[in-house]
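For reference, the chains in residue letters:
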Protein chains: 2
Amino acid sequence: MCNVVYFNGKFSKFSEAMTNIEDRGYQFGDGIYEVIRSYGGVPFKLREHLERLERSAEGIRMYLPWSIEGLEKICMEVLNRSKLSDADIYIQVTRGTAPRNHTYSEDIKPNLIIGAKKAKDLSEKREHGVKIILAPDVRWKKCWIKSTNLLPNIMAKQQAKEVGAFEAVQYEEDGTVTEGGSSNVFAVFNGTIVTPSLKHNILPGITRAVIIEKAAEEGINLEEGALNVEQLQEADEIFLTSTTMEVMPVVRIEEKVVGKGKPGEIARKMQEVLLK
Amino acid sequence: MCNVVYFNGKFSKFSEAMTNIEDRGYQFGDGIYEVIRSYGGVPFKLREHLERLERSAEGIRMYLPWSIEGLEKICMEVLNRSKLSDADIYIQVTRGTAPRNHTYSEDIKPNLIIGAKKAKDLSEKREHGVKIILAPDVRWKKCWIKSTNLLPNIMAKQQAKEVGAFEAVQYEEDGTVTEGGSSNVFAVFNGTIVTPSLKHNILPGITRAVIIEKAAEEGINLEEGALNVEQLQEADEIFLTSTTMEVMPVVRIEEKVVGKGKPGEIARKMQEVLLK
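Small disclaimer: the values here were computed from a predicted structure and weren't measured.

Thresholds applied
- Residues numbered from 1 in each chain as written.
- Chains lettered and ligands numbered in written order.
- Predicted model: local features only at pLDDT ≥ 70, side-chain atom pairs only at ≥ 80, totals over all residues.
- Heavy atoms only, no water.
- Salt bridge = Lys/Arg side-chain N within 4 Å of Asp/Glu carboxyl O.
- Helix = DSSP H or I, 4+ residues; strand = E, 2+ residues; numbered from the N terminus.
- Buried < 20%, exposed > 50% of the residue type's maximum accessible area, 1.4 Å probe, protein only.
- Pairing = 2+ DSSP bridges.
- Contact = heavy atoms within 4.5 Å.
- Axes fitted to C-alpha atoms, helices over the stretch in contact; angles between N-to-C directions.
- Domains from an automatic or database assignment.
- Buried area = accessible area lost by both parts, 1.4 Å probe.
- Polar contact = N/O pair within 3.5 Å; in protein donor to acceptor, adjacent residues only side chain to side chain.

Notes on the pattern of salt bridges
For the structure on display, the rule yields 44 salt bridges over all chains. The salt bridge involving A:Arg52 is made with A:Glu34; its shortest N-O contact spans 2.7 Å. Remark: A:Glu34 occurs in strand S4 (residues 31–39) and A:Arg52 occurs in helix H2 (residues 46–59); sequence separation between them is 18 residues. Residue classification places A:Glu34 among the buried residues on the basis of a relative accessible area of 0%. Of the charged contacts in the structure, one is a salt bridge between B:Arg81 and B:Glu77, with a shortest N-O distance of 2.7 Å. In this pair, B:Arg81 and B:Glu77 both sit in helix H3 (residues 68–82), four residues apart, roughly one turn of the helix. According to the relative accessible area criterion, B:Arg81 is partly exposed, its value standing at 39%. Each of A:Arg24, A:Asp30 and A:Arg95 takes part in a single network of salt bridges with overlapping partners.

Focus: the pairing of strand S1 (residues 3–7) of chain B
All names here are of chain B. With respect to burial, S1 is a largely interior element, five of its five residues being buried. Because side chains alternate across S1, one face comprises the buried residues Asn3, Val5 and Phe7, and the other comprises Val4 and Tyr6, equally buried. Pairing between S1 and strand S7 (residues 111–118): five bridges, direction antiparallel. Bridge pairing in S7 places Val5 opposite Gly115. The pairing of S1 with strand S2 (residues 10–12) spans three bridges and is classified as antiparallel. By the bridge assignment, Phe7 is partnered in S2 with Lys10.

Some words on the sheet that holds strand S6 (residues 87–94) of chain B
Residue and element names in this part refer to chain B. Sheet architecture is open: six strands sit in the order S2-S1-S7-S6-S4-S5, paired in antiparallel fashion. Sheet topology places S2 and strand S5 (42–43) at the edges, where each strand pairs with a single neighbour. Pairing geometry for S6 and S7, over eight bridges, is antiparallel. By the bridge assignment, Asp88 is partnered in S7 with Lys117. Sitting on the sheet, H3 touches S1, S2, strand S4 (31–39), S5, S6 and S7, and the angle it makes with S7 is about 35°.

Digging into the domain arrangement of chain A
Residue and element names in this part refer to chain A. According to the domain assignment, chain A contains domain 1 (4–118) and domain 2 (123–274). Distance between the C-alpha centres of domain 1 and domain 2: 26 Å. The interface is formed by 22 residues belonging to domain 1 together with 16 residues belonging to domain 2. Carbon and sulfur atoms supply 60% of the area that domain 1 and domain 2 bury against each other, a total of about 1,600 Å² over both sides. A per-residue breakdown of the area domain 1 buries against domain 2 is headed by Tyr33, Phe44 and Arg52, which together make up 34% of the total. The interface formed by domain 1 and domain 2 contains zero salt bridges. At the boundary of domain 1 with domain 2, the tally comes to nine residue pairs in polar contact (both at pLDDT 80 or more). Going through the elements one at a time, S4, H2 and strand S6 (87–94) are the ones with two or more residues in the side of domain 1 that touches domain 2.

Dropping the structure here:
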C-alpha cells in the first residue's frame, strides 16, 4: 500500500477514513498534530515528537488516553502495514466529536489519526537551496502548541508558493524574525549560527533541537537569541529546519541573493551530521 | 426531523454527514463559517451573514463557487426540511479535500455544510443576566475573518465555563478590551453606549451592527471607540451581543457586581428593539 492510516482503531487508506462533520477538529480546529520522518523503516526522534504531542495536549487542556508507548506501537504498526521504508508519519488528535458548542464536557473522547505516506523527496531542493519570502507574522500567541489552527501558516506559505518561493519566514511588527510557515530559521554570521530563542513565539522544533546539539558536537558556535529582518538580509548563510525539510539551505530572500548564492558550508555540514 | 444538514449536495442528519480526514478544514482549520438565527421560519439578517461569509472567503483567498442567492436557497431548503421554526443555521465552507500539504492548488473544490438545529433557548439567561470572566486575548491578528481557527476562543470560553461564567471577554496586553469568545461587548456610561471600534482586532458582528443602528433610532448615544478593562469594571451596564445570545446583559465580572447587579435599562431596551 502506498498509504495507510489508523483512525480510532481501524486501518484503511487515507481516502477511506472519514470523520463526522461535528468532529471538533473540523468545526473549531480543536486538535494537535505531529509529523515524523522514518528512514529505512526507523522513525527519527519518535519519542521526542510524542513527548511534544503530550505538551501540546496539555497546552490546550486535552487529555490523551494513550501512553507514549501505546502511540509508538500504533506508529510502528502503521509503518509496517505501509511497507514504506522512507515515510512521513502524520499524527493528529482532536478533542472528539460532539454537537457544536464552543465549550466541551470533560468526558469527550479524542479522535486519533496515525498515518504513513511515502516521504516527499526534497533532496534536489536541499542540494541547490531555496528561495524564501518574508511575511508578517499574524499567528496567535501560543505557537509552542502544535495545533491544527494553521490558517495563517498556510496563507503565508501559499503566498510564498505564488512567487516561486519555498517558504515564508515570518516576522513580528518590530521586525523580529520568528520562524517559517512550517520550519525554524537559522542564520550564520562569521561562523556563528544564530536562531530565534524559544522566548519568541515559535514552535520548539525537534530538528531545531538536534541542530543545536550537533553544532555543539561539531564545535560550531550557536546562539539562541534574537534575529531581525535586516540582520537576516546580511547573513552569510541561512537555512531552515523541519522534520520533512531536514536542513534546507536558503539561497535567496525574495530577489536578494543570500551569501554566495549557493548553500553555505555550515548548512552542508549540518545536513551531513543531522541524522548521524 | 430535529436536525438536518446539507453537505456537498446531500441532505442527512448531522450524525450521518462524514468528511474525509484529509479535508483541509480538518487538518489545517482551512475554513470559514457563519451562524444565523431563524425566528418563526425566517432567518434574521441572512443576506448580511452571507455577505460576511464572502468577505471571510476573500480574506483567506478562498473562491466560493456559489452565489449569495444560491446559498440562500440551500439555507431555506434546509430550514424547510428541518420543519423547525426557531433554528440555528450553521454554514461552514472549507477549502476542500486534498492530500496533506500546506499549500493548495487553485482548482481545489470547497466543501459546503449548511445545517439547521433547534435554537438554544437562552431566554432565562437574558432575563437574569450572566457572569463573565476577563481573559488575555491570544488570538491571531485577523479576527475580522470568521474562520474555524477557534482554539483560542474555545479555550477562553472553557475557562469561563469552569468558574460558572457564561463568556470570557478578551483583552490585549495593554488592557484594551476586544471582544468575547463568541460575542461583541458593549458598556454603558452615563447613558452612552461604548463598544470597541472595528479598528481593534474584532469580528464585525452582525448583531453588533444592528445594535448600532437601533441605538441611533432610539436616540441613544453610542460611541465606537476603545474600552479598557478598568473602564469595563466601572460601567453602569455591560451587555454582549451575538446571533445566538442576541442581547445578553452582564451582571458580574468574575466576583465583581456590574452596576446594580441586574440587567440595565439600556440592555433591556436593546433586547426589546433588536428584532423589530
